Amino acid sequence: MSTTPEPHEASELSPATVVVSAGRPARVQGGHINPSVPMNSTYVSQGVVTSGELSYARGDNDAWHPFEEALATLECGGGEPGEALVFSSGMAAIAAVFALVPDGGTIVLPRHAYQAGMVLAGQIRDRHGVTLRHVDIADTDAVVAALDGADLLLAESPTNPMLEVADLPAVLGAARARGVRSVVDNTFATPLGQRPLEHGADIVLHSVTKYLAGHSDVVLGALVTRDAELSATLREHRTLHGAIAGPFEVWLALRGLRTLALRFERAQANAAELARRLADHPDVAEVRHPSLPGDPGHERATAQMNGFGAIIGVRPAERSGVGRRRAGGRRRGRRAAVAPRDVAGRCGVHAGAPPPLGHRSRDGAGGPAAPVGRHRGRRGPLAGPGPGPPRLTPWLWARPLRPRVRYRRNRRAHNQGGSVEGAQEGLGHRAVG
Ligand SMILES: Cc1ncc(COP(=O)(O)O)c(C=O)c1O
């Protein structure tokens, strides 16, 4: 029985419908409702392999097609159809887009972005003489000024972990006008939150590991583009580098995708409520979440996103003692990106799991999101006895901090112009992921 899905066409269906319906096998009586998991390294051939024919499972694999079909439909919406390519991880997808840049070329990228991507960019700079122009992605003038003579703009919006929001139509339009290829890492927003191709991106990138797969059981990545030539180049990179996904992982990702709309809606509601409560908390110096009316990214996110995502940036107040006990009193007020556990599929920084949804809130208001309180008998991040604002416990805040040795190593490397892991801009940010 073939697992090949119906070809994807421009879809006017709502994304919530697309996630449950796209990538299914053709509807024939007695047929499968789900794609199966074809386990093959090689396909039968009549002789000379013709273009588009399956032959060897590293080059193309029908196990990938249903998920690729669904993701392309989601990212392209009702517009011109495009093509999705699944990769072995989000990092493999990032490596594929960096490989588009020629030796000696120039990449414009956010000063704060997913840390491993930044480390890889640093290695490419050192090995291939590529110039990196780090910009504040929320500063449109700075981004546009950096585009002259560049080869690639890698945008992330909202960024991991600082939650900065780029003016996507403006920066992507400027990149296009200058002939600079643009990529948007859409991991944090998901195609339900924004569709960067509609704003002019050439490529959309995902760590499928996070929201799309959504169950903390696979590591996968993906790229989506409407440019057939670009797609062929990226596909060739995937084949030659062997950055390919296993059939079962992709099947799991598609199964996870089926519930994306429900998960993302609830995760966003929880995050907005958590951000609102943290913003009022005496032990918190700063909260970044675009849902907050005073957040620098609020207006932009309202204009270009559907929702605000479910990752929150938090800087504890110095007086909170958070991190001080662990770090001998020297490390204070560092930022951490937090997310309700499992909403992004995997959280590098656990803010402690919110109670099961529907749990009564501290103020007894109930409502859709009630993350404050006791959870599974363990003291959660915001748990505290009695009324009044709950105290932040070191239990939560100690976890995002890296062991001191690793921190120092990263700081040293950063100061020497090398790795920026955990030490971007000297602030010691800790990203989710
Ligand atoms: C925004 C973002 N992009 C890319 C990646 C890399 O994805 P993966 O872990 O699937 O390789 C991550 C991982 O956390 C991420 O958060």
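Above: the structure in question.
Right, let's walk through the structure included here. What you are looking at is a predicted structure, and each value in this text was computed from that prediction instead of being measured. (Residues numbered from 1 in each chain as written. Predicted model: local features only at pLDDT ≥ 70, side-chain atom pairs only at ≥ 80, totals over all residues. Heavy atoms only, no water.)

With that settled, consider the nonpolar core. Grouped together as the largest cluster of nonpolar side chains are 46 residues, with contacts concentrated most on Phe67, Val208, Leu257 and Leu260. Mapped by element, the contributors of at least two residues to this core are α1 (15-21), α2 (65-76), β1 (83-87), β7 (221-225), α9 (247-257), α10 (260-279), β8 (284-288) and β9 (312-316). Of the residues forming this core, the biggest block, eight residues, is contributed by α10. When residues are assigned to domains, this core turns out to be shared by domain 1 (15-257) and domain 2 (260-401), each giving three or more. Setting aside residues no more than four positions away along its own chain, leucine 260 makes contact with Val19, Leu192, Tyr211 and Leu212. Counting residues in each nonpolar core, the second largest holds 28 residues, with Phe87, Val101, Ile124 and Leu230 among its members. (Core = buried A, V, L, I, M, F, W, Y, C linked by side-chain atoms within 4.5 Å. Buried < 20%, exposed > 50% of the residue type's maximum accessible area, 1.4 Å probe, protein only. Helix = DSSP H or I, 4+ residues; strand = E, 2+ residues; numbered from the N terminus. Domains from an automatic or database assignment. Contact = heavy atoms within 4.5 Å.)

Moving on, we come to the pattern of salt bridges. All chains considered together, the criterion is met by 13 salt bridges. Residue aspartate 126 is joined to arginine 125 by a salt bridge in which the shortest nitrogen-to-oxygen separation is 3.0 Å. Accessibility expressed as a relative area gives 55% for aspartate 126, which makes it exposed. The exposure class assigned to arginine 125 is partly exposed, which follows from its relative accessible area of 26%. The partner of arginine 276 in a salt bridge is glutamate 273, and the shortest N-O contact between them spans 2.8 Å. Within this pair, arginine 276 and its partner glutamate 273 are both found in helix α10, separated by three residues, close to a single helical turn. Since its relative accessible area comes to 41%, arginine 276 is described here as partly exposed. Residues joined in a network through salt bridges with shared partners are Asp60, Glu83 and Arg235. (Salt bridge = Lys/Arg side-chain N within 4 Å of Asp/Glu carboxyl O.)

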